[in-house]
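This is what each chain is made of:
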Amino acid sequence: MSDEVIRSLTVSDVPYSYRLLRHRGPGPARTEPVLVIGGALQGMGGWQQLEAALGPFADVVTTDLPGMGGAGPLPPGPSHGLLGRALEGILDDLGCARVNVFGFSYGAGLAHGLVRRSPHRVARVVLGGVPVEISDGLLRAGLDAERLLARGEAEAFAEHIAAMLLCLDERRHVTRRALAYRYVRRALLHTARHSPHLGDSVRRALTERADFSGGPTGVPTLVFSGEHDTVTSAGRQRLFAERIGARHFLTVPDTDHWVVLERARETADLAARFFTDRSPAGAPCLRPVARDPEPAGLGAAAGVR
């Protein structure tokens, strides 16, 4: 049996796919499979640190949903209903009773919607970088970036989006800021040159707001935010976590919206702890860590609320 399986599916005639990485630990898996739902510009191949942390305990499922990665473009009209059906199609194809769900950024809205519709199919949920509120300024910046892309200015587009999604204010310490900026810019530039529907994905992510009302009733939930998230502030995300009755809200210090890149190993460990019913209190991202000489240091302790 292969350790990795890629399955192709369709929803409303739109092709999409998911990748199943089977757990690598001794004996049976310790928890339900983990379905990873990333941001609007992320595909199935960008979650190596999370796979490394979760692989010893569980199967890991990553996705190229419609409009993302190598999937087909979204049809005209609202997309959240179609994307929700695509996620349910993955659960049907997996054939397991329940999954854990990790939703990040735009994917946090999709994950929240999945849990609201089908709480009986979700064992636990982790939501990170939740875009509860997008400011008018951020919306204008995103639409400006879409226009740059439409004019064929791929490099300017990549720089614009990277600056929009990362905290570049030097008065706020962000670990590995320079490295994160270079990585995000390079990834965006590659996607801009290879994905004909990237501009549409950016516009939809900013203008088609997820419904964050209600809550994942009866499903244990952890919400985490970067300390300096510039998409939705940590304070707004904390209020969201309180409103939905999340079991934990965590602020990861010295990070911004790209917390899963800037402290990849630590946030992956946090998810692994929660999905295996261990306390998040001892997670490495919540303890002071020695400074890295290049390109920036890991930060001080975060609060557990």
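A few points on the structure.

What counts, and where the lines are drawn
Numbering of residues starts from 1 in each chain and follows the order in which that chain's sequence is written. Confidence filtering applies because this is a predicted model: local features only for residues at pLDDT of at least 70, side-chain atom pairs given and counted only at 80 or more, and all residues used for totals across whole chains, interfaces and linings. To obtain the side-chain values, all non-hydrogen atoms of the structure were used and water was disregarded. We call a residue buried when its accessible area falls under 20% of the maximum for its residue type, exposed when it is over 50%, and partly exposed in between, using a 1.4 Å probe and counting protein chains only. Each helix is a run of H or I in the DSSP string that is no shorter than four residues. Each strand is a run of E no shorter than two, and both are numbered from the N terminus. Any two strands between which DSSP finds at least two bridges are classified as paired. Note on definitions: a residue-residue contact is assigned when non-hydrogen atoms from the two residues lie within 4.5 Å. What a helix should span is 1.5 Å times the count of its residues minus one. To define a nonpolar core, start from buried Ala, Val, Leu, Ile, Met, Phe, Trp, Tyr and Cys residues and group those joined through side-chain atoms within 4.5 Å. Axis definition: a line fit to C-alpha positions, over the contact stretch in the case of helices; interaxial angles, taken between N-to-C directions, run 0 to 180 degrees.

What follows deals with the pairing of strand β2 (residues 14-21). Among the eight residues in β2, seven count as buried, and that is most of the element. As paired strands, strand β1 (residues 4-11) and β2 are joined by eight bridges and run antiparallel to one another. Residue E4 lies in a different strand from β2, and its bridge partner there is L21. The hairpin formed by β1 and β2 contains two residues between the paired strands, and S12 there has a positive phi angle of roughly 50 degrees. Note that β2 and strand β4 (residues 60-64) share five bridges and pair antiparallel. From the neighbouring strand, S17 faces β4, where its bridge partner is D64.

A few words now on the environment of L82. Looking at the element boundaries, L82 is found in helix α2 (residues 80-94). With a relative accessible area of 7%, L82 lands in the buried category. Sequence separation between L82 and F224 is 142 residues, and the spatial gap between their C-alpha atoms is 27 Å. Those residues in contact with L82 that lie beyond four places of it in its chain are V11, S12, P66, L74 and P75.

This part covers α2. Spanning 15 residues, α2 covers 21 Å between terminal C-alpha atoms, matching the ideal 21 Å at 1.5 Å per step. Among the residues making up α2, those that are buried are L82, L83, G84, A86, L87, E88, G89, I90 and L91. Against β1, β2, β3 (34-37), β4, β5 (99-104) and α3 (106-117) lie the buried residues of α2.

What follows concerns the nonpolar core. Formed by 51 residues in total, the largest nonpolar core has its most connected members in L50, F102, F157, I161, F224, V260 and F275. The residues touching I161, leaving out its near neighbours within four places in the chain, are L41, A145, L188 and V202. Core analysis: the second largest hydrophobic core is formed by 40 residues, V61, A71, L91 and L114 among them.

The next subject is the sheet that holds strand β6 (residues 122-128). Strand-to-strand pairing in sheets goes through backbone hydrogen bonds, with the strands running parallel or antiparallel. With respect to topology, eight strands assemble into an open sheet ordered β1-β2-β4-β3-β5-β6-β7-β8, the strand pairing being mixed. The open sheet is flanked by β1 and β8 (248-252), the only strands paired with a single partner. Strand-to-strand, the axes of this sheet are offset by a mean angle of 20 degrees, without reference to chain direction. Alignment of β3 against β5, held across four bridges, turns out to be parallel. Counterpart to I37 in the pairing with β5 is G103. Its contacts with the sheet place α3 against β3, β5 and β6, and it is angled at close to 145 degrees to β5. Running over the sheet, helix α10 (residues 264-275) touches β3, β5, β6, β7 (221-226) and β8 and is turned about 155 degrees from β6.

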